[in-house]
Amino acid sequence: YSSKRIKSFTAEASVIIGCNILSYLMFIFLLYLIKEMDFSRQALSFFLVINIVLTICYRGVLRFVLRKYRKKGYNLKHCLVVGTSPIAHELIEKIHKHPSWGYNIIGCVRTDKRKSDAFSGYRILGDIENLEALFDEFSHTGRVVMIDDCNCCRIKGFISECAMFIGARTHATIAAYSTGVPTLV
């Protein structure tokens, strides 16, 4: 299972089409192997088309309903953005451009020496040094964590704790892949 929040509807539809066609071909091949000739290929093809159309319609309606609920504040994943760099700002902008993803930013963690109380319109909840205390405070929520440049072992440790990772650097995304964390590059 993987979250479909950030995948496009066309990508999901293409997976549905591909899986149905592959299943159809495997079933036809199985019928050929066991020499079963009492099945109408035309009826099976009709079933294939109906199954694809109904599954895509179901997923479309489900996405529509979830999008409506997310606009009302339900079914949201609450995010803590770790980092106050231009990349963190880009992440915040991307989340704002896609409200249907259902992410709600609860604040930012400062990773530089600025003393401001806000970053990109969000409250600074603390410094990187007190990240563990912030994690304990918000551990009941889902989160997206973005880390600025740090020791690679430290970054991989943070990444392995994430429910999802959005990264721009190759080694960080490799760390997410290698620890089994769903990743958006």
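Residues numbered from 1 in each chain as written. Predicted model: local features only at pLDDT ≥ 70, side-chain atom pairs only at ≥ 80, totals over all residues. Heavy atoms only, no water.

Participant: I would appreciate a short explanation of the overall build of the protein in the present structure.
Facilitator: The secondary structure content of the protein amounts to six helices and six strands. A burial count over the protein gives 34% of its 185 residues as buried. Restricting the contact set of the protein to residue pairs at least 6 apart, pairs at least 24 apart contribute 55%. (Helix = DSSP H or I, 4+ residues; strand = E, 2+ residues; numbered from the N terminus. Buried < 20%, exposed > 50% of the residue type's maximum accessible area, 1.4 Å probe, protein only. Contact = heavy atoms within 4.5 Å.)

Participant: What's the story with the packing of aromatic side chains in this structure? I'm lost.
Facilitator: Each aromatic ring pair is specified by the distance between its two centres and by the angle formed by the two planes. Under the definition given, this model contains one aromatic pair. Ring centres of tyrosine 69 and tyrosine 74 lie 6.1 Å apart, and the angle between their planes is 70°; on these two criteria the pair is classed as edge-to-face. The class for tyrosine 69 is partly exposed, based on a relative accessible area of 44%. (Phe/Tyr/Trp six-rings, centres within 6.5 Å; stacked < 30°, edge-to-face > 60°.)

Participant: What am I meant to see in the side chain of arginine 70 here?
Facilitator: Relative to the elements of secondary structure, arginine 70 occurs in helix H2 (residues 41-71). Buried charge without a partner: arginine 70 forms no salt bridge, and the closest opposite charge is glutamate 12, 9.5 Å away. (Lys, Arg positive; Asp, Glu negative; His and termini not counted. Salt bridge = Lys/Arg side-chain N within 4 Å of Asp/Glu carboxyl O.)

Participant: It is not clear to me how the environment of aspartate 117 should be interpreted in this structure. Could you clarify?
Facilitator: Along the chain, the position of aspartate 117 falls in the loop between strand S2 (103-110) and strand S3 (118-119). A relative accessible area of 62% places aspartate 117 in the exposed class. Look past the residues within four positions of aspartate 117 in its chain and what remains in contact with it is Tyr122, Arg123 and Ile124.

Participant: I would appreciate a short explanation of the layout of surface pockets in the present structure.
Facilitator: To locate leftover empty space, one rolls a probe as large as a water molecule over the atoms. By volume, the largest pocket amounts to about 460 Å³. Lys4, Arg5, Glu12, Arg59 and Arg63 are the residues nearest the centre of the largest pocket, which is lined by 22 residues in total. In terms of residues, the lining of the largest pocket owes the most to one element, H2, which gives six residues. Across the lining of the largest pocket, the residue classes tally to eight nonpolar, five polar and nine charged. (1 Å grid on protein atoms, 1.4 Å probe; cavity = no way out; pocket = protein on both sides within 12 Å on 5 of 7 lines; lining within 4 Å. Points joined across faces, edges and corners; volume = space filled by probe spheres on them. Nonpolar A, V, L, I, M, F, W, Y, C, P; charged D, E, K, R; others polar.)

Participant: Hey, could you run me through helix H6 (residues 170-178) in this one?
Facilitator: One turn of an α-helix holds 3.6 residues; hence residues three or four places apart share an orientation. Turning to H6, its buried residues are Ala172, Thr173, Ala175 and Ala176. Looking down the long axis of H6, one finds its buried residues gathered within 150° of arc, a one-sided arrangement. Structural note: H6 exposes Thr170, His171 and Tyr177 on the side pointing more than 90 degrees away from its buried face. Remark: glycine 180 follows H6 within two positions and exhibits a positive phi of approximately 80°. (Arc of directions from axis to C-beta.)

Participant: Sorry, what's going on with the sheet that holds strand S1 (residues 77-82) here?
Facilitator: Sheet strands pair via backbone hydrogen bonds, and the direction of the pair is either parallel or antiparallel. What the four strands build is an open sheet, ordered S1-S2-S4-S3; its pairing is mixed. Both outer strands of the open sheet, S1 and S3, are each paired with one neighbouring strand and no more. The sheet contact formed by S1 and S2 spans six bridges and is parallel. Each bridged residue has a counterpart across the sheet, and for histidine 78 the counterpart in S2 is asparagine 104. Where helix H3 (residues 86-97) meets the sheet, its contacts fall on S1, S2, S3 and strand S4 (122-127), and the angle it forms with S2 comes to roughly 170°. (Pairing = 2+ DSSP bridges. Axes fitted to C-alpha atoms, helices over the stretch in contact; angles between N-to-C directions.)

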